[in-house]
Amino acid sequence: MTLERPYDEIEPFKLPEGRQLWSKFTRNPIGVIGGIILLTVIVGAVFADYVAPHEPNKQRLIARLKPPFWADGGSWWLSTFPGLAILLTVLAINLVGDHIRDVLDPRVS
């Protein structure tokens, strides 16, 4: 059996799978920064009970147990006024846009 090129049967040097992944990961600086941030958040969440002087799970428990705005004694204005503000803003932008189009494009009546 004659080989035209002697390196046909030689496999190239390959890193193990974990080392390949690590080398690709470390070449990307945004990935490294994102990994550090993710690790920091996870460690902070794990040790939050030991670091905080109070219990974060029971913080503002009374505010969370308040009845919804539609129930008796609820705060209906918490959703009504922001909704009206959004409605009026969108309506005003729409009317101003229509007026500007009428002024700038006389072909459309």
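Each chain has its residues counted from 1, following the order in which its sequence is written. Whole-chain, interface and lining totals are the exception, using all residues; otherwise, since this is a predicted model, local features are given only for residues with pLDDT of at least 70 and side-chain atom pairs are given and counted only at 80 or more. To get the side-chain values, all heavy atoms of the structure are used, and hydrogens and water are removed first.

Trainee: Which parts of the structure should I look at to understand the overall build of the protein chain?
Mentor: Scanning the protein chain from N- to C-terminus turns up five helices and zero strands. Numbering goes from the N terminus for both helices and strands, where a helix is a DSSP run of H or I of at least four residues and a strand is a run of E of at least two. Starting at the N terminus and walking to the C terminus, you meet the elements of the protein chain as α-α-α-α-α. In the structure as shown, the protein chain presents an accessible area of about 10,600 Å², 68% of it carried by carbon and sulfur atoms. Using the Shrake-Rupley algorithm and a 1.4 Å probe, accessible areas are obtained, with residue cover drawn only from the displayed protein chains.

Trainee: Is there a simple way to think about helix H2 (residues 29–46) in this case?
Mentor: In an α-helix, one turn spans 3.6 residues, which is why side chains three or four residues apart end up on the same side. To estimate the expected span of a helix, subtract one from its residue number and multiply by 1.5 Å. The terminal C-alpha atoms of H2, which comprises 18 residues, lie 26 Å apart, in line with the 26 Å expected from a rise of 1.5 Å per residue. The buried label goes to any residue with under 20% of its type's maximum accessible area, the exposed label to any with over 50%, and the partly exposed label to all in between, with areas taken from a 1.4 Å probe on protein chains only. Little of H2 sits inside the fold, with zero of its 18 residues counted as buried.

Trainee: What's the story with the pattern of salt bridges in this structure? I'm lost.
Mentor: The term salt bridge refers to a side-chain nitrogen of Lys or Arg lying within 4 Å of a carboxyl oxygen of Asp or Glu. Per the stated rule, a full pass over the model turns up one salt bridge. With a shortest N-O distance of 3.6 Å, Asp105 and Arg107 are connected by a salt bridge.

Trainee: Explain a nonpolar patch on the surface here, please?
Mentor: On the surface, a cluster of nonpolar side chains totalling about 870 Å² of accessible area is made up of Leu38, Leu39, Ile42, Val43, Val46, Phe47, Tyr50 and Val51. For the nonpolar patch, the elements supplying multiple residues, two or more each, are H2 and helix H3 (48–51). Residue contributions to the nonpolar patch peak at five residues, all from H2. Structurally, the position occupied by Val46 is in helix H2. Every patch collects residues that have over 30% relative accessible area and no salt bridge, joining them within 9 Å if they carry like charges and within 5 Å if they are nonpolar side chains (Val, Leu, Ile, Met, Phe, Trp, Tyr).

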